[in-house]
Amino acid sequence: MNELSTQIDHIAEEWLSFIKKSNEFKMVSDTELRINTPFTDPFGDSISLLIVLSNGIYTITDQGYTIWNLKSHGVDLTDKKISSVSEFNVDSE
């Protein structure tokens with residue numbers, strides 16, 4: 001085994017510690033958890049996620065914020081001139 005593979009558990013523990021310390025976790029309701037991250041998008045806005053539990057399925061969403069933010073800054077992902085968009089499953093909830 002190489003040196004990196006022997007440190008996997010330590011790396012995982014450090015990463016989880018970083019996540020716990022640098023993110024804010026807040027229960028919004030019995031089935032919704034908001035995560036406020038220390039990261040920002042290209043426009044300088046903080047990135048937040050919502051984890052929703054419904055019928056035993058977890059959904060992670062930004063509630064359409066990313067698509068809205070791009071549109072408000074002039075980026076239209078549905079523009080036919082952007083050929084690579086068809087390669088992605090973009091849901092604009």
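Residues numbered from 1 in each chain as written. Predicted model: local features only at pLDDT ≥ 70, side-chain atom pairs only at ≥ 80, totals over all residues. Heavy atoms only, no water.

1. Some remarks on the sheet that holds strand E3 (residues 46-54)
Stated precisely, the cut-off is as follows: Note on pairing: DSSP must find at least two bridges between two strands before they are called paired. Strands here are runs of E lasting at least two residues and helices are runs of H or I lasting at least four, both read from the DSSP assignment and numbered beginning at the N terminus. To obtain each axis, a line is fitted to C-alpha atoms, and for helices this fit is confined to the stretch in contact; angles are then taken between N-to-C directions over 0 to 180 degrees. Residue contacts follow a heavy-atom distance rule, with two residues in contact if any of their heavy atoms lie within 4.5 Å.
Strands sit in the order E1-E2-E3-E4 across an open sheet of four strands; the sheet is antiparallel. Single-partner strands in this sheet number two, and they are strand E1 (24-29) and strand E4 (57-61). If you compare each strand with its neighbour and ignore which way they point, the axes differ by 25° on average. One ladder, built from six bridges, connects strand E2 (residues 32-40) with E3; its direction is antiparallel. Residue pairing for E3: Arg 34 is matched across the bridge by Leu 50. Along the sheet face, helix H2 (residues 8-22) touches E1 and E2 and points at about 100° away from the line of E2.

2. Quick notes on the packing of aromatic side chains
How we decide: Centre distance within 6.5 Å is the pairing criterion for rings of Phe, Tyr and Trp, where only the six-membered ring of Trp is used; planes under 30 degrees apart are then read as stacked, over 60 as edge-to-face, and the remainder as tilted.
By the definition in use, this model includes two aromatic pairs. Here Trp 15 and Phe 18 contribute two aromatic rings whose centre-to-centre distance is 5.5 Å and whose plane-to-plane angle is 35°, an arrangement assigned as tilted. Taken as a pair, Trp 15 and Phe 18 lie in helix H2 at a separation of three residues, close to a single helical turn. Measuring from ring centre to ring centre gives 5.8 Å for Tyr 65 and Trp 68, while their planes differ by 35°; the resulting arrangement is tilted. Placement of both Tyr 65 and Trp 68 in helix H3 (residues 65-72) is noted, with a separation of three residues, approximately one turn of the helix.

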